[in-house]
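What the coordinates show
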Amino acid sequence: MSSLFRLLPSVDSVLSGLADKKCYSNYPRAFIRDLVNDFLELCRQEIKAGTISGDDELSPERFSSRLEAYLKVHTRPHFRRVINATGVVIHTNLGRSILNRQAAQAVWEACLHYSNLEFSLNTGKRGSRYSHVEELLCRITGAEAGLVVNNNASAVLIILDTLAKGREVVVSRGQLVEIGGSFRIPDVMAKSGAFLKEVGATNRTHLKDYESVINENTGALLKVHTSNYRIIGFHKEVTLKELVQLGDKHGLPVIEDMGSGNFFDFPGHGYHFMPEPTVQQVVKDGVSVVSFSGDKLLGGPQAGIIVGREKIISKIKKNPMNRAIRIDKMTLAALESTLRFYLDSQVAMREVPTLRMITMKQEELKKAAQKLMNRIRRSFGNELKCSIFPANSRVGGGSFPEQDLPTYLVGVKSDRMNCEQLKEKLLRTDPPLIGMIVHDLFCLDPRTLDVDEFGLVVEVLGQALEV
Ligand SMILES: *Cc1c(COP(=O)(O)O)cnc(C)c1O
């Protein structure tokens, strides 16, 4: 063991060996020195543990190739692209929706150049950042006014803070949901300073339940879209229309947290998904104010979109909290670009990646799966056994929770490692590939892969199979 320790080079000799490598020249010497020290320490640990046990493992070639791999991992960006082969279209852990190229181009422009973010090109004076998307939002949804903030959680917060601080907000017990990442309606309400007034039972709430608790301290009626779960069986919810009538009778605003916030009429385009209202319908049913996410079904960037009655929206715009949750210019650029596609729903279906992936036909998916399988077979021969079989993808993001989207999976199997090991190895490729295990096979769903990514998939499979 001690002879192995002696084989390890000194920090200084390693550093001088790296001196002419351009790729590290942007990093301070002290930073690279720390990394080399950490790497040497790792080697010592491995010698102690017996994972490094022979001279050959510390030969200059082996040592420098291991060092190079270590340095590469520790100097590359931490936040990186991955390949999503899970078939979950709105994958919250993988960044929810991806953008159309034109939308990405708009972000690029906003980053690299100055812009009219808060500058009116009509008057040459100060303008408002909300002006860029308000008209589009009104046109698409039919609402009188709108604004956008950082995300839907902050949208709900500012709506409650503006309309019901210190007052009671009536919500059905069946709608006190928790969505992923510990966003719970009762907690958000507590933060806003509004008081939760729960009514009804988990499975059934009637209009009279709402009406019976209305008093002089009631601030609003709230409806929450229970996006990620579904009650089946003995179940009753009050419709938005009924709530609006009740609100009108008592002079109370009706707020809806729609969660995903969909503009696209799926059934109208031949996709008979679970019935979900569109934002247009909610506005038409008379909601006072509704909020939803930009990066769920809408397929845009992270944002909280608020639309509704002019009087209410202008109050929200004046709330000082707005400054703390405002949308940034890059997001605004991506959002405007995405919203423009929705002026024509056929264009949206073609151009918004999230919509395109959700509405892909099974035939198209089968062809894509075959193409991917053939490429894998051509590259790996017998080294990877490859097959395709029918399965279901998910929309994700709490949208259409029970909706099966028929797809075809490409399953691969290696003789040299089991599927868990392959899955694990693919987390360390460049870029990493995220797939899933079904029937003891490592599986890829072509729904969330671009055909242009197939070459990259083959490449990273190759990386994973290297020793
Ligand atoms: C997703 C969701 C939210 C939170 O939206 P973010 O944009 O992630 O902040 C709030 N309410 C409901 C019902 C949701 O589904």
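Predicted model only: the values in this text are computed from it and were never measured.

Near the ligand you find Arg-96, Asn-151, Asn-152, Ala-153, Ile-179, Phe-183, His-225, Ser-227, Asp-257, Gly-259, Ser-293 and Lys-296, and these make up its full shell. The separation between an oxygen atom of the ligand and a polar main-chain atom of Asn-152 is 3.0 Å. Isolated, the ligand exposes 390 Å² of accessible area, and the fraction of that covered by the protein chains is 94%. Of all the secondary structure elements, the ones that give two or more residues to the shell around the ligand are helix H7 (152-164) and strand E8 (254-259). Its residues placed into classes, the shell around the ligand shows 3 nonpolar, 6 polar and 3 charged.

Once that is clear, we can look at the pattern of salt bridges. Counted by the stated rule, this structure contains 24 salt bridges. The salt bridge partner of Glu-41 is Arg-44, with a shortest N-O separation of 2.9 Å. On the criterion of helical spacing, the pair formed by Glu-41 and Arg-44 is a turn pair, its members being 3 residues apart in helix H3 (residues 29-49). For Glu-41, a relative accessible area of 34% gives the class partly exposed. The closest approach of N and O atoms between Arg-96 and Asp-295, which form a salt bridge, is 3.0 Å. Taken as a pair, Arg-96 in the loop between strand E1 (83-84) and helix H5 (101-112) and Asp-295 in the loop between strand E9 (289-293) and strand E10 (304-308) lie far apart in primary sequence, 199 residues in all.

Take the nonpolar core next. The biggest cluster of nonpolar side chains holds 54 residues, and the ones touching the most others in it are Phe-263, Phe-266, Phe-292, Val-307 and Leu-339. Residues contacting Phe-263, with those up to four places away along its chain left out, are Leu-137, Ile-140, Thr-141, Thr-278, Val-279, Gln-280, Phe-292, Leu-298, Leu-339 and Tyr-342. Counting residues in hydrophobic clusters, the runner-up holds 29 residues, among them Tyr-130, Leu-147, Ala-164 and Ile-313.

On to the domain arrangement of the protein, then. Each domain of the protein was delimited in the assignment, giving domain 1 (2-75), domain 2 (83-92 + 358-465) and domain 3 (101-351). A straight line from the C-alpha centre of domain 1 to that of domain 3 covers 53 Å.

Another point: the sheet that holds strand E7 (residues 218-224). Read across the sheet, 7 strands follow the order E2-E10-E9-E8-E7-E3-E6 without closing on themselves; strand pairing throughout is mixed. Bordering the open sheet on either side are strand E2 (145-149) and strand E6 (195-199), each of which pairs with just one other strand. When strand polarity is set aside, the average angle formed by the axes of neighbouring strands in this sheet is 25°. Two strands pair when backbone bridges link them, and E9 and E10 are joined in this way by 5 bridges, in the antiparallel orientation. When the bridges of E10 are listed, Phe-292 appears paired with Ile-305. Relative to E2, helix H6 (residues 131-141) is tilted by about 120°, and along the sheet it contacts E2 and E10.

What follows is about unusual backbone geometry. A cis amide bond, omega 0°, links Asp-430 with the succeeding residue Pro-431. Mapping Pro-431 onto the fold places it in the loop between helix H18 (419-425) and strand E13 (433-434). The backbone phi angle of Arg-96 is positive, close to 50°, even though this residue is not glycine. Positioned with a positive phi, His-439 is a non-glycine residue whose angle comes to about 50°. Inspection of the secondary structure puts His-439 in the loop between strand E14 (436-438) and strand E15 (441-444). Its relative accessible area of 64% is what places His-439 among the exposed residues.

Moving on to the side chain of Asn-262. Inspection of the secondary structure puts Asn-262 in the loop between E8 and helix H11 (279-284). Here the side chain of Asn-262 touches Phe-264 through a polar contact of 2.7 Å, landing on its backbone nitrogen. Leaving out residues up to four positions away in the same chain, Asn-262 has contacts with Pro-277, Thr-278, Val-279, Gln-280 and Leu-297.

A word on helix H14 (residues 329-341). For H14, built from 13 residues, the straight-helix expectation of 18 Å at 1.5 Å per residue is met to within 8% by its first-to-last C-alpha distance of 19 Å. Among the residues of H14, Thr-331, Leu-332, Ala-333, Ala-334, Leu-335, Ser-337, Thr-338, Leu-339 and Phe-341 are the ones counted as buried. Sitting at the amino-terminal end of H14 is Asp-328, which places a side-chain oxygen 3.0 Å from the backbone nitrogen of Met-330.

Right, let's get into the packing of aromatic side chains. The final tally for this structure, using the stated rule, is 7 aromatic pairs. Here the aromatic rings of Tyr-27 and Phe-31 are separated by 5.1 Å at their centres, their planes lie at 15°, and the arrangement is stacked. Considering the side-chain rings of Phe-264 and Phe-266, the 5.0 Å spacing of their centres and the 75° angle between planes classify their relative orientation as edge-to-face. Both residues of the pair, Phe-264 and Phe-266, count as buried. Taken together, Phe-39, Phe-63 and Tyr-70 form an aromatic cluster joined through their ring pairs. Above the face of the Phe-234 ring, Arg-204 is positioned so that its terminal group lies 3.8 Å from the ring centre.

Calculation rules
Every chain is numbered on its own, with residues counted from 1 as its sequence reads. Where local features are concerned, this predicted model is filtered to residues with pLDDT of at least 70; where side-chain atom pairs are given and counted, the filter is 80 or more; whole-chain, interface and lining totals use all residues. To get the side-chain values, all heavy atoms of the structure are used, and hydrogens and water are removed first. Note on terminology: near, applied to a residue and a molecule or strand, indicates that one of the residue's heavy atoms is within 4 Å of it. Whenever a nitrogen or oxygen atom comes within 3.5 Å of another N or O atom, the pair is scored as a polar contact, on the condition that within protein one atom can donate a hydrogen and the other can accept it, and that pairs from neighbouring residues in sequence are kept only if both atoms are in side chains. Each accessible area is a Shrake-Rupley estimate made with a 1.4 Å probe; only the visible protein chains count as cover when residues are assessed. Per the convention used, a helix needs a DSSP run of H or I reaching at least four residues, while a strand needs a run of E reaching at least two, with both numbered from the N terminus. Amino acids are sorted into nonpolar (Ala, Val, Leu, Ile, Met, Phe, Trp, Tyr, Cys and Pro), charged (Asp, Glu, Lys and Arg) and polar (every other residue, Gly among them). Basic side-chain nitrogens of Lys or Arg form a salt bridge, by our definition, when they fall within 4 Å of a carboxyl oxygen of Asp or Glu. Exposure categories follow from relative accessible area, calculated using a 1.4 Å probe and restricted to protein chains: below 20% of the type maximum is buried, above 50% is exposed, and the middle band is partly exposed. To form a nonpolar core, buried Ala, Val, Leu, Ile, Met, Phe, Trp, Tyr and Cys residues must be joined to one another through side-chain atoms within 4.5 Å. By the convention used here, residues are in contact when the closest approach between their heavy atoms is within 4.5 Å. The domain boundaries here were taken from an automatic or database domain assignment. Strands were regarded as paired on the criterion that DSSP finds at least two bridges between them. Note on definitions: angles span 0 to 180 degrees between N-to-C directions of axes, and those axes are lines fitted to C-alpha atoms, for helices only across the stretch in contact. Multiply 1.5 Å by the residue count of a helix minus one, and that product is the helix's expected span. Under the pairing criterion, centres of Phe, Tyr and Trp rings, with the six-membered ring standing for Trp, must be within 6.5 Å; the plane angle then separates stacked pairs below 30 degrees from edge-to-face pairs above 60, leaving the rest tilted. As a reminder, the over-ring test applies to NZ of lysine and CZ of arginine, requiring each to be within 6 Å of the ring centre and within 35 degrees of the ring normal.

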